[in-house]
Amino acid sequence: MTSISPDLLPEGFRDRLPVQAEAAVRVARAMLDVMASHGYGRVSPAIAEFEASLSARSGGATRNSLLRFTDPVSGHTLALRGDITVQVGRIATTRMADAPRPLRLCYHGQILRLRARQLRPEREITQLGAELIGNDSVAAASEIVTVAVEALESAGVKDITVDFTLPDLVETLAAKALPLSPEKIDAVRSELDMKDAGGLSALGADAYLPLLAATGPFAEAVQKLRAIDAGGALASRIGALEAIAESLGDRATITLDPTERHGFEYQSWFGFTLFAKGYTAALGRGGTYAIARTDGGVEVATGFSLYPDPLIDIVAEKDENRRLFLPKGTLASKAAQMRSEGWITVAALDESDNAQALDCAYVLTNGRAEPI
Ligand SMILES: N[C@@H](Cc1c[nH]c[nH+]1)C(=O)O
């Protein structure tokens, strides 16, 4: 493929050409079909919204990552969406506030980031996911993790790993079992996130050091976490993680990294990241969270988002070429028959059209598809 001139598109944006664009649709279709089959109704939120409401719902952390602009029509600052989950929350608590709970919704679209991230140079990213609104129980988390894994499987992803985390672990322990002054909570959280033992000691938070070791394959890591669990503050969390893990069975490898916070800006007691063999970056993320309601209350929810861009190129590469060249003069009825048999027909418009040049792997010869 010809290289792209750097001034054709801004950094981090890309066009998909035929084979990749088709693979993107197929991957999305397969994943959305899984969500639909579990009862998730599709919503399609707006690409841009008022910046103030979008960032208020995004949990401060994403405010600086939104791409903003002034709308010449309304005069307001708008932002391009950076996470469709937040928009689904807005829809659920406004226009669908009276819909029965639990409310199952799914979505698919492009999101935008102001800046590229270390492992992801893209700024326009495909996001696809499901949100279960009105429930953040173990049953809800088990369903969400299962649907997420099934959605990845539907796109041909194998050797999936689900990494569990406890996003509010530090707050939970700091409340009583391992007391911390409120101003230290954030600092301890970020040292744990960076796995920095020295940093923790410097903060006088040695009691939190063993948490760094409670990481790895689920069964062992959960035992370590239980051994640390001062005063049983985490007993119900540990039980919940075990129940979710059990519901997954041997469908995926499960690991635990209880102090992982990165990317879990608004999740509450449960979070998970999806990885798969052959992919360096995470393919998805999810967890439990709370959505602000218009009456000042909150509503709990559980959901996941997948980021399928890296697997689209792989699916595209594996694509079998089913393009069949139809020489000039082929009967329309024959062409229709070949399409109904699953062929992609490419009709010659004049005698000079060439099968190979038109990327066909087969030519219709004596009424049959013959490989070139
Ligand atoms: N939208 C979140 C994941 C998520 C969905 N629902 C709950 N959490 C993300 O992309 O990081």
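All values reported here derive from a predicted model rather than from experimental measurement.

1. Digging into the packing of helix H1 (residues 18–37) against helix H10 (residues 309–318)
The interhelical angle for the contact between H1 and H10, taken along N-to-C directions, is 115°, at an axis separation of 8 Å. Classified by the angle between their axes, H1 and H10 sit roughly perpendicular to one another. In this structure, H1 meets H10 at a crossing whose hand is right-handed. On H10, the residues touching Val19, Gln20, Ala23, Ala24, Arg26, Val27 and Met31 of H1 are Leu311, Ile312, Asp313, Val315 and Ala316. Its residues assigned to classes, the contact of H1 with H10 comprises nine nonpolar, one polar and two charged.

2. A few points about the sheet that holds strand S13 (residues 323–326)
Backbone-to-backbone hydrogen bonds join strands into a sheet, with any given pair of strands oriented parallel or antiparallel. Taken together, four strands build an open sheet; the order of strands is S14-S13-S15-S16 and the sheet is mixed. Strands at the two margins of the open sheet, each flanked by one partner only, are strand S14 (344–347) and strand S16 (368–371). Neighbouring strand axes in the sheet, compared pairwise and without regard to direction, differ in orientation by 40° on average. The sheet contact formed by strand S15 (residues 362–365) and S16 spans four bridges and is antiparallel. Of the residues in S16, the one forming a bridge with Thr365 is Arg368.

3. What about the nonpolar core?
Among the nonpolar cores identified, the biggest contains 70 residues, and Met31, Met35, Val162, Phe164, Tyr208 and Phe272 are the most heavily contacted of them. Of the residues forming this core, the biggest block, nine residues, is contributed by helix H4 (residues 138–154). Setting aside residues up to four positions removed in sequence, Val162 forms contacts with Val145, Val149, Leu248, Ala252, Thr253, Ile254, Thr255, Phe272, Thr273 and Leu274.

4. A look at the packing of aromatic side chains
Following the criterion strictly, the structure yields six aromatic pairs and no others. Pairing Phe164 with Phe270 gives two aromatic rings, centres 5.3 Å apart and planes at 80°, and the pair type is edge-to-face. Here Phe164, found in strand S7 (residues 160–165), pairs with Phe270, found in strand S10 (residues 267–276); they are 106 residues apart in sequence, far enough to count as distant. Ring geometry for Trp343 versus Tyr362: centroids 4.7 Å apart, planes at 65°, classification edge-to-face. Of the two residues, Trp343 is situated in the loop between helix H11 (332–340) and S14 and Tyr362 in strand S15; the sequence distance between them amounts to 19 residues. Given the relative accessible area of 19%, Tyr362 is considered buried. Aromatic rings pair up to connect Phe164, Phe218, Trp269, Phe270 and Phe272 into one cluster. A cation over a ring is seen here: Arg322 above Trp343, with NZ or CZ 3.9 Å from the ring centre.

5. Section: the UniProt feature "binding site: L-histidine" (unreviewed entry) in the protein
According to UniProt, the feature "binding site: L-histidine" (unreviewed entry) maps to Asp83, Ile84, Thr85, Arg113, Gln127 and Glu131 in the numbering used here. Mapped onto the elements of the fold, Asp83 is located in the loop between strand S4 (77–80) and helix H3 (84–93). Classification of Asp83 by relative accessible area gives buried; the value is 14%. The residues contacting Asp83, other than those within four sequence positions of it, are Ile111, Gln127, Tyr266 and Ser305. Looking at Asp83, its side chain comes within polar contact range of the main-chain nitrogen of Thr85, at 3.1 Å. Secondary-structure assignment places Ile84 in helix H3. Once residues within four sequence positions are removed from consideration, Ile84 is found in contact with Pro45, Tyr107, His108, Gly109, Ile111 and Gln127.

Rules used throughout
Sequence order sets the numbering: in each chain, residues are counted from 1 along the sequence as written. Reporting of local features is limited, given that this is a predicted model, to residues whose pLDDT is at least 70; pairs of side-chain atoms are given and counted only at 80 or more, and all residues count toward the totals for whole chains, interfaces and linings. With hydrogens and water excluded, all non-hydrogen atoms of the structure serve as input to the side-chain values. Angles here are taken between N-to-C directions and fall from 0 to 180 degrees, while the axes themselves are lines fitted to C-alpha atoms, restricted in helices to the stretch in contact. The helix count covers DSSP runs of H or I at least four residues long, the strand count covers runs of E at least two residues long, and both are numbered beginning at the N terminus. Each angle receives one of four descriptions, namely roughly parallel if under 35 degrees, roughly antiparallel if over 145, roughly perpendicular if within 65 to 115, and oblique otherwise. The sense of a crossing depends on the near helix, which, turned anticlockwise from the far helix by less than a right angle, makes the crossing left-handed and, turned clockwise, makes it right-handed. In what follows, residue pairs with any heavy atoms lying within 4.5 Å of each other are defined as contacts. We call Asp, Glu, Lys and Arg charged. Ala, Val, Leu, Ile, Met, Phe, Trp, Tyr, Cys and Pro are nonpolar, and the rest, Gly among them, are polar. For two strands to be treated as a pair, DSSP must find no fewer than two bridges joining them. In these notes, a set of buried Ala, Val, Leu, Ile, Met, Phe, Trp, Tyr and Cys residues joined through side-chain atoms within 4.5 Å is what counts as a nonpolar core. Working definition: with a 1.4 Å probe on protein chains only, accessible area under 20% of the residue-type maximum means buried, over 50% means exposed, and in between means partly exposed. Two aromatic rings, drawn from Phe, Tyr or Trp (for Trp, its six-membered ring), form a pair once their centres lie within 6.5 Å of each other, and the interplanar angle then sorts them: stacked below 30 degrees, edge-to-face above 60, tilted otherwise. By definition, being over a ring means that NZ of Lys or CZ of Arg is both within 6 Å of the ring centre and within 35 degrees of the ring normal. UniProt positions are given in the numbering used here, feature names are shortened, and annotations may be inferred rather than shown by experiment. N or O atoms within 3.5 Å of each other form a polar contact, as long as, within protein, one can give a hydrogen and the other can take it, and as long as residues adjacent in sequence are counted only when both atoms are side-chain atoms.

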